[in-house]
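Given next are the chains, with one letter for each unit.
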Amino acid sequence: MTILEIKNFGKAFTIHHLDKTLPAVNNIHFSIDAGEFIGIIGKSGSGKSTILKSIYRTYLPHTGEILYNSDRFGQIDLAKATERQVISLRKYEIGYVSQFLNVMPRTTCRQLVQNALLEMGEPGETAMIEAEKALTHFEMDPKLWDSYPNTFSGGEKLRLNIAMATVKKPRLLLLDEPTASLDQQSKMKVREIIEKLKQQGTTLVGIFHDIEFMEGLCDKVYEMKTGQVISAREEVAYES
Amino acid sequence: MHETPILRVRNLEKQFGQGCPDCKDKESRSLEKNYCSACGTVYAVRDVSFDLFPGEVLGIVGESGSGKSTMLQGLYFDAEITGGEVYIDHPAVLDKNVLELSSQQKRYIRNYLYGMVYQNPVHGLKMKFSSVGNIAEKMIAAGGRNVSSIEARSKTLLEKVHIPLRRMKEEPRNFSGGMQQRVQIAKALSNNPPILFLDEVTTGLDLSVQASVLDLIKQIQRDLHISMIVVSHDLAVIRMLADRSIVMLNGTIIEKGLTDQILEDPQHEYTQQLVYSLL
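Residues numbered from 1 in each chain as written. Chains lettered and ligands numbered in written order. Predicted model: local features only at pLDDT ≥ 70, side-chain atom pairs only at ≥ 80, totals over all residues. Heavy atoms only, no water.

Focus: the interface of chain A and chain B
It is common to give the size of an interface as the accessible area lost on bringing the parts into contact. Across the contact, 29 residues belong to chain A and 29 residues belong to chain B. Surface buried jointly by chain A and chain B totals about 2500 Å² across both partners, of which 55% is contributed by carbon and sulfur atoms. On the chain A side of the interface with chain B, the three residues burying the most area are A:Glu83, A:Arg84 and A:Met104, jointly 27% of the side's total. Where chain A touches chain B, the interface holds seven salt bridges. (Contact = heavy atoms within 4.5 Å. Buried area = accessible area lost by both parts, 1.4 Å probe. Salt bridge = Lys/Arg side-chain N within 4 Å of Asp/Glu carboxyl O.)

Structure (structure tokens):
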């Protein structure tokens, strides 16, 4: 089943003080089946993030369609969905993880994961149990559960980010250069995490700038150059 | 997905001054920002329309003088509105433009359906009443007559906003700014209003108190599913609290959207300047 289909998508940024419109990507087509892991690679500025942020609607798409097969709404064009529809999809179906953590101040790591569930309307007890499960699953040191994440290392912040996104069991998870600032060992951890998510059947779209990391992990890899997909290659499905 | 907004605001207008032939016609007038240079009339809120949905926090950002607070005061009936319509999805006032109701009915709405937290606690609290008395006042206005249940509810609320109960009989003027703000929030929540207005509630508070007030607001939204309009000039506060936001300039709405979209992909020239100015 196709879960996401991007057709003729394009995005440009109008910068008023320069009186210019800068094209970021255009004429993008691809589709993703349920349970697949799509990797997008390319240099900085090639438009990888623009695609991901447009799917999540942090960017307003300009042209084309982003057709998402939703549980709640059936097929919906994310480029034209109402703000309330997007908020609902973000709450229940589509997750987004980046290397940056942007959360309520003075809220503990454990509470942040719990809140993600409470906001979905889960009862307090379930939220508590599921939050602890998620933190254990992603190997967050229990000593850190009740501390505030401002002082966490890059790897710890990322794991918290992933825990907050995946505890909601999204159907589609967007990974925005999650490994960008991590050392080799932490990268391997992230790789394991992605493998776990794949096993759970989560559909993933990830952007990365190191090709080695993607090796053997993605079902399909798209390479981007100056705002266009220049090559697509099928990867052999990874077998652990 | 069909959702009924709890609050519908349509074409809200507020002007200070009579207006003159130069500025009376909306289409042809030329204003200096929101000011008519011929007669001195200020058009503080111009053609503002939006919906507030159940359980959501709607952010309103804009510079000083953009009309955010004036609009909020108009919605809360603190100031008379020049024109427009406001509808609340509540059986008592269904399909009625609440701006046209009698002052008695407006009082009912203020007492039962609305809560307000002002930037300056002096406007929201009686500084010479005890803290518990301040909360009781709002509950009595809403028809509460049972002293013990009023006291019990006040205590619960003060605990919720982290005011030590041993200080509940104290007057808020003895309290720090952050504590006064929290007593104000407790008072605004006392009658379980479905709609809460928050006007620059964290402005002037130090970072640590700001964090606890933000956390409190988020907790109230999660636990009580109250719909809130949060007015702030601080984009960081809006980013933490609101899923959707509105940007105002010179009395009009220039942009609305998902809060992260407004911050990362602002469309309007002014919003772009605002975002470029972020620390």
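From this point, the discussion proceeds with the structure in view.
Regarding the nonpolar core
Core analysis: the largest hydrophobic core is formed by 49 residues, its most contacted members being B:Ile185, B:Leu196, B:Leu198 and B:Met228. When residues are assigned to domains, this core turns out to be shared by domain 1 (7–113 + 196–276) and domain 2 (127–192) of chain B, each giving three or more. Counting residues in each nonpolar core, the second largest holds 40 residues, with A:Ala116, A:Leu158, A:Met164 and A:Val221 among its members. (Core = buried A, V, L, I, M, F, W, Y, C linked by side-chain atoms within 4.5 Å. Buried < 20%, exposed > 50% of the residue type's maximum accessible area, 1.4 Å probe, protein only. Domains from an automatic or database assignment.)

Let's talk about the pattern of salt bridges
For the structure shown, the criterion picks out 31 salt bridges over all chains. For A:Asp146, the salt bridge goes to A:Arg110, with nearest N and O atoms at 3.0 Å. Here the residue A:Asp146 occupies a position in the loop between α4 (124–137) and α5 (154–166), and A:Arg110 occupies one in helix α3 (residues 109–118), the gap between them amounting to 36 residues. Between A:Lys198 and A:Asp219 there is a salt bridge, with its nearest N and O atoms 3.7 Å apart. Of this pair, A:Lys198 sits in helix α6 (residues 184–199) while A:Asp219 sits in the loop between α7 (211–214) and β9 (220–225), and the two are 21 residues apart along the sequence. Via salt bridges that share partners, A:Glu83, A:Arg84, B:Glu3, B:Glu56 and B:Arg244 belong to a single interconnected network. (Helix = DSSP H or I, 4+ residues; strand = E, 2+ residues; numbered from the N terminus.)

Some points on the packing of aromatic side chains
For the coordinates displayed, the defined rule picks out 10 aromatic pairs over all chains. When the ring of B:Tyr76 is compared with that of B:Tyr118, the centres are 6.4 Å apart and the planes differ by 80°; the resulting orientation is edge-to-face. Residue B:Tyr76 is located in the loop between α1 (68–75) and β4 (83–88), and its partner B:Tyr118 is located in the loop between β5 (114–117) and α3 (121–124); the two are separated by 42 residues in the primary sequence. Classification of B:Tyr76 by relative accessible area gives buried; the value is 6%. Each residue in the set B:Tyr76, B:Phe77, B:Tyr114, B:Tyr118 and B:Phe197 is aromatic and connected to the rest through ring pairs, giving one cluster. Sitting over the ring of A:Phe13, A:Lys11 keeps its end group 4.7 Å from the ring centre. A:Arg90 extends its terminal NZ or CZ atom over the ring of A:Tyr56, reaching a point 4.2 Å from the ring centre. (Phe/Tyr/Trp six-rings, centres within 6.5 Å; stacked < 30°, edge-to-face > 60°. Lys NZ or Arg CZ within 6 Å of the ring centre and 35° of its normal.)

Some remarks on the UniProt feature "domain: ABC transporter" (unreviewed entry) in chain B
Mapped onto this structure's residue numbering, the UniProt feature "domain: ABC transporter" (unreviewed entry) falls at residues 7–275 of chain B. End C-alpha to end C-alpha, residues 7–275 of chain B measures 28 Å, and it is 36% helix and 22% strand. (UniProt positions renumbered as here; feature names shortened; annotations may be inferred.)

Here's the deal with the sheet that holds strand β1 (residues 7–16) of chain B
All names here are of chain B. Read from one edge of the open sheet, three strands run β2-β1-β4, paired in antiparallel fashion. Two strands lie at the open edges of the sheet, namely β2 (42–52) and β4, each paired on one side alone. In this sheet, neighbouring strand axes are inclined to one another by 15° on average, regardless of whether the strands run parallel or antiparallel. For β1 and β4, the ladder comprises five bridges, and the chain directions are antiparallel. (Pairing = 2+ DSSP bridges. Axes fitted to C-alpha atoms, helices over the stretch in contact; angles between N-to-C directions.)

Examining the pairing of strand β6 (residues 195–199) of chain B
For a regular strand, side-chain orientation follows a simple rule: the groups alternate between the two sheet faces. Residues and elements named next belong to chain B. For β6, the tally of buried residues reaches five of five residues, placing the bulk of the element in the interior. Burial along β6 is two-sided: the residues Ile195, Phe197 and Asp199 and Leu196 and Leu198 are all buried. At this point the chain moves from β6, through helix α7 (residues 207–224), to the parallel strand β7 (residues 227–231), and the crossover so formed is right-handed. (Right-handed = clockwise from strand over helix to strand, strands pointing away.)

Observations concerning the layout of surface pockets
All names here are of chain B. Roughly 390 Å³ of volume is contained in the second largest pocket. Lining the second largest pocket are 18 residues, and of these Tyr76, Arg110, Gly124, Lys138 and Lys187 sit closest to its centre. Among the elements of the structure, α2 (103–112), α3, α4 (131–141) and α6 (177–189) are those that each provide at least two residues to the lining of the second largest pocket. Residue classes in the lining of the second largest pocket are distributed as seven nonpolar, four polar and seven charged. Both domains that meet at the lining of the second largest pocket, namely domain 1 (7–113 + 196–276) and domain 2 (127–192), each give it at least three residues. (1 Å grid on protein atoms, 1.4 Å probe; cavity = no way out; pocket = protein on both sides within 12 Å on 5 of 7 lines; lining within 4 Å. Points joined across faces, edges and corners; volume = space filled by probe spheres on them. Nonpolar A, V, L, I, M, F, W, Y, C, P; charged D, E, K, R; others polar.)

Digging into the sheet that holds strand β3 (residues 57–61) of chain B
Pairing is mixed across the open sheet formed by six strands, whose spatial order is β5-β6-β7-β3-β8-β9 (chain B). Each edge of the open sheet carries a strand with a single partner, namely β5 and β9 (252–258) of chain B. Strand-to-strand, the axes of this sheet are offset by a mean angle of 15°, without reference to chain direction. Taken together, the four bridges between β3(B) and β7(B) define a ladder with parallel strand orientation. Residue B:Gly59 lies in a different strand from β7(B), and its bridge partner there is B:Val230. Packed on one face of the sheet, helix α2 (residues 83–92) of chain A meets β8 (244–249) and β9 of chain B and runs near 30° to β9(B). Sitting on the sheet, α6(B) is in contact with β5 and β6 of chain B, with an inclination near 175° to β5(B).

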